[in-house]
Structures are given as C-alpha cells and as structure tokens.
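Given next are the chains, with one letter for each unit.
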Amino acid sequence: FETYLNSENNYLIPTKDKINKALELDEVVEIGREKELKNLMIILAQSKKSPLIVGESGVGKTTIVEELVYRITTGDVPKFLQGKLILEVTPSEVVAGCQYVGMFEDNMTKLMNLCEKYGIILFIDEIHTIYGVGSSKGKDNDMAAILKHYLDRTSLKVIGTTTEKEYNDYFGSDAFKRRFEKITVKEPEDEVLFQILDKVLNDYFIKDDISLEDEEIKKLIINIIITATSKKHRVYNDVVNNPDLAISIIDKAVAFARVFDSEVVTIEHFIESFDSCDRIYDSAKGDAIALLKKIKDKKDKEGNKTLIIEFPKK
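Residues numbered from 1 in each chain as written. Predicted model: local features only at pLDDT ≥ 70, side-chain atom pairs only at ≥ 80, totals over all residues. Heavy atoms only, no water.

Asks: Looking at this structure, I do not really get the overall build of the protein. What am I missing?
Replies: Of the regular secondary structure elements, the protein holds twelve helices and eight strands. Residues counted as buried form 47% of the 314 residues belonging to the protein. When contacts within the protein are restricted to residue pairs at least 6 apart in sequence, long-range pairs at least 24 apart make up 77% of them. Looking at the protein as shown, the accessible area adds up to about 16600 Å², and 49% of this sits on carbon and sulfur atoms. (Helix = DSSP H or I, 4+ residues; strand = E, 2+ residues; numbered from the N terminus. Buried < 20%, exposed > 50% of the residue type's maximum accessible area, 1.4 Å probe, protein only. Contact = heavy atoms within 4.5 Å. Areas by Shrake-Rupley, 256 points an atom, 1.4 Å probe, with all protein chains shown as cover.)

Structure representation (structure tokens):
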C-alpha cells in the first residue's frame, strides 16, 4: 500500500507536481459550493464524525472533494488541514488479489496503518459499495465493519459520497450512520451554473492554451445550455443532473471539433452537440439549435467571427 503514495489515480497532497499545477491554475476554483466546502471542513475538525456527501448523480459531489484537495495544495485551508494527505481508495482495490481467507483483513490493516502513519484522510466515492466487500461467509468482517471499528477506536477520517437512494438504503438504519454527518448537495441555481460553465470554458484556455474569441457569443451559448438542460426539458427518469449534463454539452462540442480536425470550436459544433444529446427532449433540442442558428446567421451578416474556441496551432 506504500505504492498509493506515488499513484497517479489517487489524490495525494502535497506533491511537487501537484503543487506546481495548483500554482499554474491559481484562479481555477470551484464555484458556488462554499457552504458545502465549509461544512466539509467543520466535520473534519470534529473528533468523532466523518463527512458523507449526499446528492444525485452529476451534481458535483466529487468536485467538492477535489476543491478541498486543491485548497490544501495551495495552503488555503485552516491550520489543522494544512499539509494533510487525501487518498482515494476504492473497495475493489483493497480486495484485489485476495485469494485466501485473511488476506482482505491483512490488506485493510495495512491500509489503516498507512493512514495512521501519514495522517491520511480516506476518500471513498460511492461509499455504499463497501458493504459486503471482503467478507467471508458467515462472518461480519466486510469493509464496512472494519471501517466502523477504526472510526470508533482511532482518529481515522473518511470522506464518502453517495446518492440519496443509497444513503437511505444502506445508511438509514445502520450503525454506520452515527459515524458520519450528512452534507446534502443539490443542483446549482442558474446563476451559479452560469459561473460553473463559464469556468469550464475558461479552463480550456488555462489548461490547453485555447483562446476564447468572442465573449458575447460565449455568454449566449451558456444561457442556451442552461435553459435546454433545465429539469423540465430532461428526458423523464434520466439520472443525470446539472452541472454534469450542461458540462457534457460543452465537452461534446469540443469533441466534435477535434474529431473533424478543426482548429476552432464553432457554433456548428455546439449545434452538433445538441443534436446528438439524448438526455433532453427533442423540443428543447430544437429550440436550442434554432437559437444557435439565429446567432450564427446574425454574426455572419455582420461579418463577425462565429468561432468560440480556437485550438493552438501545432
């Protein structure tokens, strides 16, 4: 488990590479989740509680943990969190290769000792998956039971995420619930969602050296995406929520540009993105595409550019 300390797939703070990356992205911060982030730090400061972030798929539960990671890296946290390590662990990683009785318990012991040695905070995404993992038939020794033991008897801190349904199914009447304090995360309001999408587009510039050519068009497109992905326009019973759904529209527009070897991302690519989206009703797609075409036609008549993002020339 010492290999976790150099794993690219886990959060480990601080490391030289991550510190340098954080300094380069000095202005990149999470938008609109200050309340949830503050609650996360308050719960981590308590002696007998760990935070459990609960919300529907796509609302940004993991992003809140990533923001805490970023702030620890830059030192923008209270003293008790400065220099802390946050390690992402999945149940499948712990149980992998455990062919014989006792091997899983040995792995868990090593992991717990690693946490104690380095003062690590564990992060378990979809924490409800710990139930039943590693248990031998007829024995109450799964990952959940072992974590309960260490949470009760040590200073171990665990950050977990799960949905409301899984929270009720797995934690509603379970003794594990007493070890955690719930942080509810809901979909962002339109004003906050606008800021998130604006940040996503700006990130292409910061991370990939992509220039934003027309600020006004960008704002119009963001508003179109917000309207088209609102709850009333989503396909019935779809589990994806905002900001994830709205961000996927932007990601796919950029993907269309890359697939067609375009040096720019244009309104046409956003039209393609909407046209291929099956998570919103056809009427909402049609309205969004019509508005995008109207913007393009207006800009064309004015002789202005319709490109949104320009890829760096190689």
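Asks: I tried to follow unusual backbone geometry on my own but got confused; where do I start?
Replies: Note: most peptide bonds trans; most residues except glycine with negative phi. Following Asn-242, the chain continues into Pro-243 via a peptide bond in cis, with omega recorded as 15°. With respect to the helices and strands, the residue Pro-243 is situated in the loop between α9 (215-228) and α10 (244-259). You will see that Glu-126, though not glycine, has its phi angle at about 55°, which is positive. Structurally, Glu-126 can be placed in the loop between β3 (120-124) and α6 (143-153). On the basis of relative accessible area, Glu-126 is assigned to the partly exposed category, the value being 45%. Residue Asn-237 is not a glycine yet carries a positive backbone phi of 70°. You can see Asn-237 is positioned in the loop between α9 and α10.

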